[in-house]
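A closer look at the structure
Now for the letters of each chain:
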Amino acid sequence: QVHLVESGGGLVQPGGSLRLSCLLSGSIFSVYDMAWYRQAPGKQRELVAEITRAGVLTLGHSVHGRFTISRDNAKNTVYLRMNSLKPEDTAVYYCNAVGLVTGHNYWGQGTQVTVSS
């Protein structure tokens, strides 16, 4: 019933910027805590950023000061704004939603971000 679709990934040069979007459908967006995770080849999935339904932000140490997460409840969309991108940011970025009422965990299909010259 709940579907997450990421968009906005692509190839960007080091130092560049990119904005990822994740659209939630099939449920009421405002009741979900939203997050972005990423997984690089050969590495474990890691939390990049989270924004709760109350708007409280959590940013991973590796991206703090460079990335920011935001949400637009009217558009059922969560964003990840990425600035000062580095090659080590290269990964598949996944959107995540957790319903506090149901406790269910949902994932998008992922979008590839490649930072390279």
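Report follows, based on the coordinates. From a predicted model like this one, the values you see are computed outputs, not experimental measurements.

Thresholds applied
Residues numbered from 1 in each chain as written. Predicted model: local features only at pLDDT ≥ 70, side-chain atom pairs only at ≥ 80, totals over all residues. Heavy atoms only, no water. Pairing = 2+ DSSP bridges. Helix = DSSP H or I, 4+ residues; strand = E, 2+ residues; numbered from the N terminus. Axes fitted to C-alpha atoms, helices over the stretch in contact; angles between N-to-C directions. Polar contact = N/O pair within 3.5 Å; in protein donor to acceptor, adjacent residues only side chain to side chain. Contact = heavy atoms within 4.5 Å. Buried < 20%, exposed > 50% of the residue type's maximum accessible area, 1.4 Å probe, protein only. Core = buried A, V, L, I, M, F, W, Y, C linked by side-chain atoms within 4.5 Å. Phe/Tyr/Trp six-rings, centres within 6.5 Å; stacked < 30°, edge-to-face > 60°. Lys NZ or Arg CZ within 6 Å of the ring centre and 35° of its normal. Salt bridge = Lys/Arg side-chain N within 4 Å of Asp/Glu carboxyl O.

Topic: the sheet that holds strand 3 (residues 18-25)
Ordered by their spatial adjacency, 4 strands build an open sheet running 1-3-8-7, and the pairing between neighbours is antiparallel. With partners counted over all chains shown, the strands left at the sheet margins are strand 1 (3-7) and strand 7 (67-72), one partner each. With direction set aside, neighbouring strand axes in the sheet form an average angle of 15°.

Topic: the side chain of asparagine 96
By the element assignment, asparagine 96 lies in strand 9 (residues 91-99). At 2.3 Å, the side chain of asparagine 96 forms a polar contact with the side chain of asparagine 105. There is a polar contact of 3.2 Å between the side chain of asparagine 96 and the backbone oxygen of tyrosine 106. In this view, asparagine 96 contacts Leu4, Asp33, Met34, Ala35, Tyr37, Asn105, Tyr106 and Trp107; residues no more than four positions away in its chain are not counted.

Topic: unusual backbone geometry
A positive phi angle is found at asparagine 76, which is not glycine, with a value near 55°. Turning to its location among the elements, asparagine 76 is positioned in the loop between strand 7 and strand 8 (77-82). Note on asparagine 76: relative accessible area 22%, which makes it partly exposed. The backbone of serine 84 sits at a positive phi, close to 50°, despite the residue not being glycine. Note on placement: serine 84 falls in the loop between strand 8 and strand 9.

Here we look at the nonpolar core
Counting 27 residues, the largest nonpolar core has Met34, Trp36, Val78, Leu80, Met82 and Tyr93 as its most contacted members. Of all the secondary structure elements, the ones that give two or more residues to this core are strand 3, strand 4 (32-39), strand 5 (46-51), strand 7, strand 8, strand 9 and strand 11 (111-115). The residues contacting methionine 82, other than those within four sequence positions of it, are Gly16, Ser17, Leu18, Leu20, Arg66, Phe67, Tyr93 and Val113.

So, the packing of aromatic side chains
Going through the model one piece at a time under the given rule, you end up with 2 aromatic pairs. Lying across the ring of tyrosine 37, arginine 45 places its NZ or CZ 5.3 Å from the centre.

Concerning the pattern of salt bridges
One pass over the full model with this rule turns up 3 salt bridges. Residue aspartate 89 pairs with arginine 38 through a salt bridge whose shortest N-O separation is 2.9 Å. Within this pair, whereas aspartate 89 is found in the loop between strand 8 and strand 9, its partner arginine 38 is found in strand 4, the two being separated by 51 residues in sequence. Using a relative accessible area of 1% as the deciding quantity, one classes aspartate 89 as buried. Take arginine 38: its relative accessible area is 5%, and that puts it in the buried class. The network of salt bridges with shared partners includes Arg38, Glu46, Arg66 and Asp89.

These figures come from the coordinates and say nothing about function on their own.
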